[in-house]
Amino acid sequence: MMTVADPIIRPFIPGTTGWTASDLDEPAIESKWANGAFEIVEGVLTTMPPAYYPAGRSFIKLIVLIENHLAQAQIPGGVSSEVEIVIDEQRVLRADGAFLTPQDLERQRVASRRAGKISPDKSRFYVPPTLIIESVSPGHETHDRLIKRRWYAEFRVPHYWILDAYAKRLECLLLEGSDYRIDAQGTANDELHPSLFPDLTIPLARIWPET
């Protein structure tokens, strides 16, 4: 008598290949995924680099500055950290931060229901947020500056900011066509005025970690 073979269980180990976004629908896989900082990069299970103090501190300061501006200017929407984004089946990324408008959230609800998710508020993002912020980790500059930049442009993320606390540099990129162009950038004690928030001034000296 023929029997149905048991499914092959792939070891959940960084560096293994063949992973897809759909694999995360399996509860056993999802529980392992939730216990670490993982991404799926071209089908390869990878781990995110550690957020060292300078990068993490600068990132938090930037987020607080943005949130204060949103509250004062009464701009709807907000910033969230560790947002998981499904670019496609072979690419599931974890953005350090993302600014989401009410329109973004509504599109996400529609997209998550279309993807068969029961709760839109408990699913990964299937639509591009208005803004993604990545904080550069030492040794992983290429991933943020080149690879993720290309993928976020392909996903049609309108604004992409790259924060480098070690170089004391912030680049605010704006999607134009199929790639990003510099919208605002500065280092050290510069002040930036990104077009996403016309009345926002970012005094860079205020976001670098204390020395």
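Residues numbered from 1 in each chain as written. Predicted model: local features only at pLDDT ≥ 70, side-chain atom pairs only at ≥ 80, totals over all residues. Heavy atoms only, no water.

We now examine the confidence of the model for the chain. On average, residues of the chain score 90 in pLDDT, and 95% of them reach the 70 mark or higher. A low-confidence stretch, residues 1-6 (pLDDT under 50), is modelled with zero contacts involving residues beyond four sequence positions or located in other chains. (pLDDT = per-residue confidence, 0-100. Contact = heavy atoms within 4.5 Å.)

Our next topic: the side chain of Thr20. By the secondary structure assignment, Thr20 is in the segment before helix H1 (27-34). Not counting residues up to four positions away in its chain, the partners in contact with Thr20 are Ile40, Glu89 and Gln90. (Helix = DSSP H or I, 4+ residues; strand = E, 2+ residues; numbered from the N terminus.)

Phi is positive for Glu42, which is not a glycine, with a value near 50 degrees. By the element assignment, Glu42 lies in the loop between strand S1 (38-41) and strand S2 (44-47). Of note, Arg156 is a non-glycine position whose phi angle comes to about 70 degrees, a positive value. Its place among the elements puts Arg156 in the loop between helix H4 (141-154) and strand S6 (159-164).

The next subject is the pairing of strand S3 (residues 78-88). With nine bridges connecting them, S3 and strand S4 (residues 91-100) associate as antiparallel partners. Following the sheet pairing, Val83 is matched in S4 by Ala95. The hairpin turn running from S3 into S4, its antiparallel successor, is two residues long. (Pairing = 2+ DSSP bridges.)

With 21 residues, helix H2 (residues 53-73) should cover 30 Å at 1.5 Å per step; its first-to-last C-alpha distance of 30 Å lies within 8% of that length. Along H2, the residues that are buried comprise Ala55, Ser58, Phe59, Lys61, Leu62, Ile63, Leu65, Ile66, His69 and Leu70. Buried-residue contacts for H2 involve S3, S4, strand S5 (131-135), S6, strand S7 (169-176) and strand S10 (202-203). Looking one or two residues past H2, Gln74 carries a phi angle of roughly 55 degrees, positive in sign. (Expected span 1.5 Å × (residues − 1). Buried < 20%, exposed > 50% of the residue type's maximum accessible area, 1.4 Å probe, protein only.)

By secondary structure assignment, the location of His69 is in helix H2. Judged by relative accessible area, His69 falls into the buried class, the value being 11%. If we skip the residues at most four places from it in the chain, His69 touches Ile75, Phe197, Asp199 and Leu200.

Right, let's get into the packing of aromatic side chains. Under the definition given, this model contains seven aromatic pairs. A ring pair is formed by Phe12 and Phe38, whose centres lie 4.9 Å apart and whose planes are at 80 degrees; its orientation type is edge-to-face. Residue Phe12 is located in the segment before H1, and its partner Phe38 is located in strand S1; the two are separated by 26 residues in the primary sequence. We classify Phe12 as buried; its relative accessible area is 15%. Judged by relative accessible area, Phe38 falls into the buried class, the value being 11%. Between the aromatic rings of Phe99 and Phe197, the centroid separation amounts to 5.2 Å while the plane-to-plane angle is 75 degrees, which identifies the pairing as edge-to-face. (Phe/Tyr/Trp six-rings, centres within 6.5 Å; stacked < 30°, edge-to-face > 60°.)

Following the criterion strictly, the structure yields 16 salt bridges and no others. Close ionic contact of Arg94 with Glu84 constitutes a salt bridge, the shortest N to O distance being 3.1 Å. Remark: Glu84 occurs in strand S3 and Arg94 occurs in strand S4; sequence separation between them is ten residues. Its relative accessible area of 9% is what places Arg94 among the buried residues. (Salt bridge = Lys/Arg side-chain N within 4 Å of Asp/Glu carboxyl O.)

What follows concerns the environment of Leu131. Its location among the elements puts Leu131 in strand S5. Judged by relative accessible area, which is 0%, Leu131 ranks as buried. In this structure the C-alpha to C-alpha distance between Leu131 and Tyr52, which are 79 residues apart in sequence, comes to 23 Å.

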